[in-house]
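Residues per chain are reported as follows:
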Amino acid sequence: MFALWPSRQAEREAAAVVASMGVKPERQTLPDGSRVELNAGAEIRVDFSPEQRAVRLVRGEAHFAVTK
């Protein structure tokens, strides 16, 4: 008897890059409902899984309103 279990990688949502391309700050809503305001030229990398939420500021400035 054997069983197949999904890998941790299969459970992870695809990582996404969010960037502000304009000259003014830009507001975005993340997949978990948190909001981020990116200053002009800012970029973040979002990587959510069932166990954790990870957001990395790649460049620029950002202001977050994080949901529980």
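Quick caveat, the model's predicted, so the values are computed rather than measured.

A few points about the overall build of the protein
Moving on, step 1. From N to C terminus, the protein includes 1 helix and 6 strands.
Moving on, step 2. Put simply, the protein runs from its N terminus to its C terminus through helices and strands in the order α-β-β-β-β-β-β.
Moving on, step 3. Here the protein holds 68 residues, and the buried ones make up 18% of them.
Moving on, step 4. As presented, the protein carries roughly 5,400 Å² of accessible surface, and 54% of it is formed by carbon and sulfur atoms.

Brief notes about the sheet that holds strand 2 (residues 26-29)
Moving on, step 1. With respect to topology, 3 strands assemble into an open sheet ordered 2-3-6, the strand pairing being antiparallel. Each edge of the open sheet carries a strand with a single partner, namely strand 2 and strand 6 (62-65). Within this sheet the neighbouring strands show an average axis-to-axis angle of 20°, counted without direction.
Moving on, step 2. Taken together, the 4 bridges between strand 2 and strand 3 (residues 35-38) define a ladder with antiparallel strand orientation. Bridging across to strand 3, R27 finds its partner in E37.

What to know about the environment of A42
Moving on, step 1. By the element assignment, A42 lies in the loop between strand 3 and strand 4 (43-48).
Moving on, step 2. When neighbours within four sequence positions are excluded, A42 is seen to be in contact with V18, A19, S20, R59, G60 and E61.

Focus on the nonpolar core
Moving on, step 1. Counting residues in each nonpolar core, the largest one holds 8 residues, listed as V18, L30, V36, L38, A42, I44, V46 and F48.
Moving on, step 2. Mapped by element, the contributors of at least two residues to this core are strand 3 and strand 4.
Moving on, step 3. Per element, the largest residue contribution to this core is 3 residues, and it comes from strand 4.
Moving on, step 4. Apart from residues lying up to four places away in sequence, L30 is in contact with V36, I44, V46, F48 and V55.

Quick notes on the pattern of salt bridges
Moving on, step 1. According to the stated counting rule, one finds 3 salt bridges in the structure shown.
Moving on, step 2. Across the pair E37 and R27 runs a salt bridge whose closest N-O atoms are separated by 3.5 Å. Here E37, found in strand 3, pairs with R27, found in strand 2; they are 10 residues apart in sequence, far enough to count as distant.
Moving on, step 3. For E37, a relative accessible area of 28% gives the class partly exposed.
Moving on, step 4. A salt bridge links E43 to R59; the nearest nitrogen and oxygen atoms lie 3.0 Å apart. Of this pair, E43 sits in strand 4 while R59 sits in strand 5 (residues 53-59); the two residues are 16 residues apart in sequence, bridging distant segments of the chain.

The rules behind these values
- Residues numbered from 1 in each chain as written.
- Predicted model: local features only at pLDDT ≥ 70, side-chain atom pairs only at ≥ 80, totals over all residues.
- Heavy atoms only, no water.
- Helix = DSSP H or I, 4+ residues; strand = E, 2+ residues; numbered from the N terminus.
- Buried < 20%, exposed > 50% of the residue type's maximum accessible area, 1.4 Å probe, protein only.
- Areas by Shrake-Rupley, 256 points an atom, 1.4 Å probe, with all protein chains shown as cover.
- Pairing = 2+ DSSP bridges.
- Axes fitted to C-alpha atoms, helices over the stretch in contact; angles between N-to-C directions.
- Contact = heavy atoms within 4.5 Å.
- Core = buried A, V, L, I, M, F, W, Y, C linked by side-chain atoms within 4.5 Å.
- Salt bridge = Lys/Arg side-chain N within 4 Å of Asp/Glu carboxyl O.

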